[in-house]
Amino acid sequence: MIFALLIGGTAATHAAANELSASDIRLVRMPDGTLTVTFYVTADHNTVRRGDMLVMRPALENGNQSVELPEFTFDRRIRTPRSQQQPTTFAYSASLSYEEWMRGGRLVLRGHTLTCGEIRETRIGLLAENILYGEDTIDTTIVEVPLSTAETLARQFPFIVSNAEMEATRFDYDMPLDMGRGMTQAAQGEVERFIDVNRRGSLTVHFRQGSRTVERYFADNNRNLVDMVSAVRAIMESDDSSIVRIVLAGFASPEGSAAVNDRIAWERAVAMRDFLVANTGISPHRINIYNGGIDWAGLRQLVAESEMPDGERVIDIIDNTPAWDSGRNTGRHSELMRLGGGRAYQWMLHNLFPQLRNAAYIKVVYENK
């Protein structure tokens, strides 16, 4: 018999310091008197800055009594290309001797960041409170609810999300799009808002400069394409879940004219839609595609993560210079080209722009049957 100790309490799931997300928190007392603590933790490359290591240690607390559990870490001391920095979900599990004082306590995460050997920025985050039950509650056997095919895949692949999660963004899938001639300002703003909300966990497929052709073995496309096609097929073939829609946006890097980049970005999105239809058999009506144009938000993030020359000035231009200022007959791209005699622009051209030529922010949205 396995006894649950969450009954009667509030299983309040929180993000530790708004950086880590935890789910499926369980505290289970075993017949031998041990307490097993399990939960899933999700983090992406934004959780820890490059060159740092985040050390997290769960703990049980109740009043002035507490006990620490084994730690876990997120290590970014070894540089990883942005295209490979996918969010990570793993199962945490630890066991300890159960003691009566633990009833009614709380489960927290304590942590610190190691930067160049120095400890920095202590964190404490609440995972669950009022754990273990009150005196008038009897022990209850846990009944495990099996995960659907899509839920199981979502634990491994963060680009798979539930319909309820995506609906929270309130994205207008019927908004007008000006195909090939550029979107209206309102429509572009809607796309940018959606991308900002859903950037984390999305999948990216890269293109060569000026290309609209999906190439399986270019950059890290092969792994991402196989993951995506396999997951979509598995959900479509399952009897417990289905695909509501797939959302994706095409993007371009800043070099070249705005009109050309706008067209290329849209055609990359179309190419990815056609690829999905051909390789999974999904109806094109279940795929929502959007023209992201030049990926300024992506460039800003890459610059912030890099050690490029004049990085702060580049970010200032992205943030405060309009894409095009008709009064001054100049714009953001021109200002970046002039900055520092072109040194910063040339650095971005070779090191950052290739990562912006993509059909990105691909997400597979599912629901359970």
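To keep things clear, this report deals only with the structure shown in the data block. Within every chain, residues take consecutive numbers counted from 1 along the sequence as written. Reporting of local features is limited, given that this is a predicted model, to residues whose pLDDT is at least 70; pairs of side-chain atoms are given and counted only at 80 or more, and all residues count toward the totals for whole chains, interfaces and linings. Each side-chain value is derived from all of the structure's non-hydrogen atoms; neither hydrogens nor water enter the calculation.

**A closer look at unusual backbone geometry**
Unlike most non-glycine residues, Ala219 shows phi in positive territory, near 55°. You can see Ala219 is positioned in the loop between strand 13 (203-206) and helix 4 (221-237). Classification of Ala219 as exposed rests on a relative accessible area of 56%. For the purposes of this entry, the term helix denotes a DSSP run of H or I that reaches at least four residues, the term strand denotes a run of E that reaches at least two, and both are numbered from the N terminus. Exposure is judged per residue with a 1.4 Å probe applied to protein chains only, and the accessible area is read against the type maximum: over 50% gives exposed, under 20% gives buried, and values in between give partly exposed.

**Quick look at the nonpolar core**
Most often, soluble globular proteins have nonpolar side chains that are buried together. Each nonpolar core is a collection of buried residues, namely Ala, Val, Leu, Ile, Met, Phe, Trp, Tyr and Cys, held together in the definition by side-chain atoms within 4.5 Å. Grouped together as the largest cluster of nonpolar side chains are 30 residues, with contacts concentrated most on Ile160, Met228, Ile246 and Met272. Elements represented by at least two residues in this core include exactly helix 1 (149-156), strand 13, helix 4, strand 14 (241-252), helix 5 (258-280), strand 15 (287-294) and strand 16 (358-368). With sequence-adjacent residues up to four places away left out, Ile160 is seen in contact with Ala150, Leu153, Ala154, Ala231, Ile235, Val364 and Tyr366. The next biggest cluster of nonpolar side chains, apart from the first, holds 23 residues, and it includes Ile25, Met56, Leu107 and Leu109. We call two residues contacting when some pair of their heavy atoms lies within 4.5 Å.

**As for the packing of helix 6 (residues 296-305) against helix 7 (residues 311-320)**
If you want to describe how two helices pack, look at the angle between their axes and the distance between the axes. At their nearest, the axes of helix 6 and helix 7 sit 9 Å apart, and the two run at 160° to each other. The orientation of helix 6 relative to helix 7 falls into the category roughly antiparallel. Every pair of crossing elements has a handedness; the one defined by helix 6 and helix 7 is left-handed. Of the residues in helix 7, those in contact with Trp296, Leu299, Arg300, Val303 and Ala304 of helix 6 are Gly311, Val314, Ile315, Ile318 and Asp319. Residues are grouped as follows: Ala, Val, Leu, Ile, Met, Phe, Trp, Tyr, Cys and Pro are nonpolar; Asp, Glu, Lys and Arg are charged; every other residue, Gly included, is polar. Residue composition of the contact of helix 6 with helix 7, by class: seven nonpolar, one polar and two charged. Angular values range over 0 to 180 degrees, each being the angle between N-to-C directions of two axes fitted as lines to C-alpha atoms, with helices fitted over their stretch in contact. Orientation labels follow simple angle bins: below 35 degrees gives roughly parallel, above 145 gives roughly antiparallel, 65 to 115 gives roughly perpendicular, and whatever is left gives oblique. Handedness of a helix crossing follows the sense of rotation of the near helix relative to the far helix, less than a right angle counterclockwise being left-handed and clockwise being right-handed.

**Quick look at the packing of aromatic side chains**
The rule is short: rings of Phe, Tyr and Trp, with Trp giving its six-membered ring, pair when the centres are within 6.5 Å, and they are stacked under 30 degrees, edge-to-face over 60, tilted in between. Tallying each qualifying case throughout the model produces four aromatic pairs. Judged by centre distance (5.5 Å) and plane angle (80°), the ring pair of Tyr345 and Phe353 falls under edge-to-face. With relative accessibility at 6%, the residue Tyr345 sits in the buried group. By the ring-pair criterion, three or more aromatic residues cluster together here, those being Phe39, Phe72 and Tyr92. When the ring centre of Trp296 is taken as origin, the NZ or CZ atom of Arg332, which lies over that ring, is 4.8 Å away. Put simply, a charge is over a ring when the Lys NZ or the Arg CZ is close to the ring centre, within 6 Å, and near the line of the ring normal, within 35 degrees.

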